[in-house]
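Close look at the chain arrangement
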Amino acid sequence: PPGPLSNWVVKKVHVHGFAGLTAQYVESPEFSFFGHQWTVLISPNGNDKSTEGYVSFYLVNKSPESIQAEFTIILRSTARGSFQPTTVGEVDTKWPFGMCTFGAQGGMLCSGAFAKRGTILTFLNNGTLTLEIHLRTY
């Protein structure tokens, strides 16, 4: 069996001009976790499997090796340019996943209908949506 899980690692991903996005999918810049390259693929108006009016997020492994990992995507409200918790526990909206295997070069997992677009628009700070990607692995 695999060893113990690592500690959670957090990466903030910024999506500028979120309210004006009209493309079916938008890809974030690449970032690194546990020696792998990742992106977040965003469907700002939902996808064919999500409920109408909802935004979908996908965490994508861009590296040539697969990886087993657990992740969570969190949105936080912002005020005056800094993160401000708005609910008990500081988490506003999150989508938790269990341990998953991300395939090599484009292996992804979908959040499905993450949240209503109208709700997500209330999280914008000067037009930018900030996602926190929390990831851990063996």
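Anything mentioned here points back to the structure above.
A brief structural summary. Counting restarts for each chain, with residues numbered from 1 along the sequence as it is written. Residue-level local features of this predicted model are given only where pLDDT is at least 70; pairs of side-chain atoms are given and counted only at 80 or more, and the full residue set underlies all totals for whole chains, interfaces and linings. To get the side-chain values, take all heavy atoms of the structure and skip hydrogens and water.

1. Some thoughts on the pairing of strand β12 (residues 129-137)
Across the nine residues that make up β12, a large majority, nine, are buried. Burial along β12 is two-sided: the face carrying L129, L131, I133, L135 and T137 and the face carrying T130, E132, H134 and R136 are both buried. Any two strands are treated as partners once DSSP identifies two or more bridges connecting them. Where helices and strands are cited, they refer to DSSP runs of H or I of at least four residues and of E of at least two residues respectively, numbered from the N terminus. Judged from the seven bridges that link them, strand β1 (residues 9-15) and β12 form a sheet pairing that is antiparallel. Among the inter-strand pairings, V15 is bridged to a residue of β12, identified as L129. Each residue is placed in one exposure class: buried if its accessible area under a 1.4 Å probe, protein chains only, is under 20% of its type's maximum, exposed if it is over 50%, and partly exposed if it falls in between.

2. A few points about unusual backbone geometry
A positive phi angle is found at F34, which is not glycine, with a value near 50°. Tracing the chain through its elements places F34 in the loop between β3 (31-33) and β4 (36-43). Classification of F34 by relative accessible area gives partly exposed; the value is 32%. Although it is not a glycine, N126 adopts a positive phi angle of roughly 55°. Mapping N126 onto the fold places it in the loop between α1 (117-121) and β12.

3. Observations concerning the packing of aromatic side chains
Aromatic pairs are defined between Phe, Tyr and Trp rings, using the six-membered ring for Trp, whenever the two ring centres lie within 6.5 Å; interplanar angles under 30 degrees are classed as stacked, those over 60 as edge-to-face, and all others as tilted. Counted according to the given criterion, the structure contains five aromatic pairs. Note on F71 and F102: the rings are 5.7 Å apart at their centroids and 55° apart in plane angle, and the pair reads as tilted. Remark: F102 occurs in strand β9 (residues 93-102) and F71 occurs in strand β6 (residues 67-75); sequence separation between them is 31 residues. Cluster of aromatic residues (ring-pair linked, three or more members): F31, F33 and F34.

4. Some remarks on the nonpolar core
Nonpolar core, defined: a set of buried Ala, Val, Leu, Ile, Met, Phe, Trp, Tyr and Cys residues in which side-chain atoms within 4.5 Å join the residues together. F57 and L129 are the most contacted members of the largest nonpolar core, which totals 28 residues. If you list the elements that add at least two residues to this core, you get β1, β3, β4, β5 (54-61), β6, β9 and β12. Of all the elements, β6 adds the most residues to this core, at five residues.

5. Points about the pattern of salt bridges
Salt-bridge detection follows one rule: a side-chain nitrogen of Lys or Arg within 4 Å of a carboxyl oxygen of Asp or Glu. Within the structure shown, the criterion is met by two salt bridges. With a shortest N-O distance of 3.1 Å, E27 and K62 are connected by a salt bridge. Taken together, the residues E27 in strand β2 (residues 26-27) and K62 in the loop between β5 and β6 connect sequence positions 35 residues apart. Here E70 ties to R136 by a salt bridge, and the two come within 3.0 Å at their closest N and O atoms. Here R136 lies in strand β12 and E70 lies in strand β6, a separation of 66 residues in the sequence. The residues E70 and R136 share a single accessibility class, namely buried.

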